[in-house]
Every structure is written in structure tokens, then in C-alpha cells.
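What follows is each chain in one-letter form.
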Amino acid sequence: TDEKLPISDSIPMNITFHKVGNKFLIDPTATEEDSADSRIAIALSEYNGKIVINSLQKSESTEMSIEEVNEILDMAEETFKSLKPKVDKLLKGKK
């Protein structure tokens, strides 16, 4: 194809969710990870003012329902919105 892939406006941010029982932990500690039944890692960035998924990877054999995946996607978006301004501020200080 002659059409190029778009470049994100921001550096992708990876957020990892571990399912323990019926709860999800965001970026857990190593000890918490050991208790997890399942894991999803999502990398998000911004493109043209919208949050986009750059990658998504599920690990472990435990199944997740569509509702659980949608819940994780909502949490990922909220986490990204919360952390991105803080990361951008830190990165501006490094220039």
C-alpha cells in the first residue's frame, strides 16, 4: 500500500491490568502479580486529539468476558487521561 501509517502525537504509555478473583489491579507489585489469574497489557497514546490503542496483549489461560474487557478499556482510558499530563510535565523538564 502507498498509504503510510499515522504517527502518534505522544509517546505510547503501557498500562497493565491483572485480574485477581473478580477485581482488576492496575500496574500491580510483583507480589500482587503472583496472585493474578490473568493479565492484559494495553499501550495507549494520542492521535489527532483522540486516545488510541497502540497494542493490547492478554496473558494467562483464564478467560475474560466482553464486559470485563470493556471495563479494562474504560479503566485504561481513565488512567491514561490521569497520567498523561503528569508524564508530559516530567518530559518537558528533561528537555
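All values reported here derive from a predicted model rather than from experimental measurement. Residue positions within a chain follow its written sequence, with the count starting from 1. Local features in a predicted model are, by the rule used here, given only for residues with pLDDT of at least 70; side-chain atom pairs are given and counted only at 80 or more, and totals for whole chains, interfaces and linings are based on all residues. Computation of side-chain values covers all heavy atoms of the structure but excludes hydrogens and water.

Trainee: Quick question: what am I supposed to make of the overall build of the chain here?
Mentor: Secondary structure elements are defined from DSSP: runs of H or I of at least 4 residues count as helices, runs of E of at least 2 residues count as strands, and each element is numbered from the N terminus. What the chain contains, in helices and strands, is two helices and four strands. Going from the N terminus to the C terminus, the chain shows its helices and strands as β-β-α-β-β-α. C-alpha extents for the chain along the principal axes are approximately 40 × 40 × 20 Å. Every one of the 95 residues in the chain was classed for burial, and the buried ones make up 25%. We call two residues in contact whenever any of their non-hydrogen atoms come within 4.5 Å of each other. Relative to all contacts within the chain whose residues are 6 or more apart in sequence, the contacts with residues 24 or more apart total 54%. Split by element, the accessible area of the chain, about 7000 Å² in all, is 51% carbon and sulfur. Averaging the positions of the 13 positive and the 18 negative side-chain charges in the chain gives two centres separated by 10 Å. Burial classes follow relative accessibility: with a 1.4 Å probe on protein chains only, a residue under 20% of its type's maximum area counts as buried, one over 50% as exposed, and anything between as partly exposed. Each accessible area is a Shrake-Rupley estimate made with a 1.4 Å probe; only the visible protein chains count as cover when residues are assessed. Think of it this way: Lys and Arg go in the positive column, Asp and Glu in the negative one, and His and the chain ends go nowhere. Where a charge lies is defined by one atom per residue type: Lys uses NZ, Arg uses CZ, Asp uses CG and Glu uses CD.

Trainee: So what exactly am I meant to see when it comes to the pattern of salt bridges here?
Mentor: Here the idea is simple: oppositely charged side chains can pair when their charged atoms come close. The term salt bridge refers to a pairing of a side-chain nitrogen on Lys or Arg with a carboxyl oxygen on Asp or Glu at a separation within 4 Å. As enumerated under the stated definition, the model contains five salt bridges in all. Between Glu46 and Lys84 there is a salt bridge, with its nearest N and O atoms 3.8 Å apart. Placement of the pair is Glu46 in strand β3 (residues 38-47) and Lys84 in helix α2 (residues 66-93), with a sequence separation of 38 residues. For Glu46, a relative accessible area of 26% corresponds to the partly exposed category. Between Lys81 and Glu77 there is a salt bridge, with its nearest N and O atoms 3.4 Å apart. In this pair, Lys81 and Glu77 both sit in helix α2, four residues apart, roughly one turn of the helix. Residue class for Glu77 comes out partly exposed when judged on its relative accessible area of 32%.

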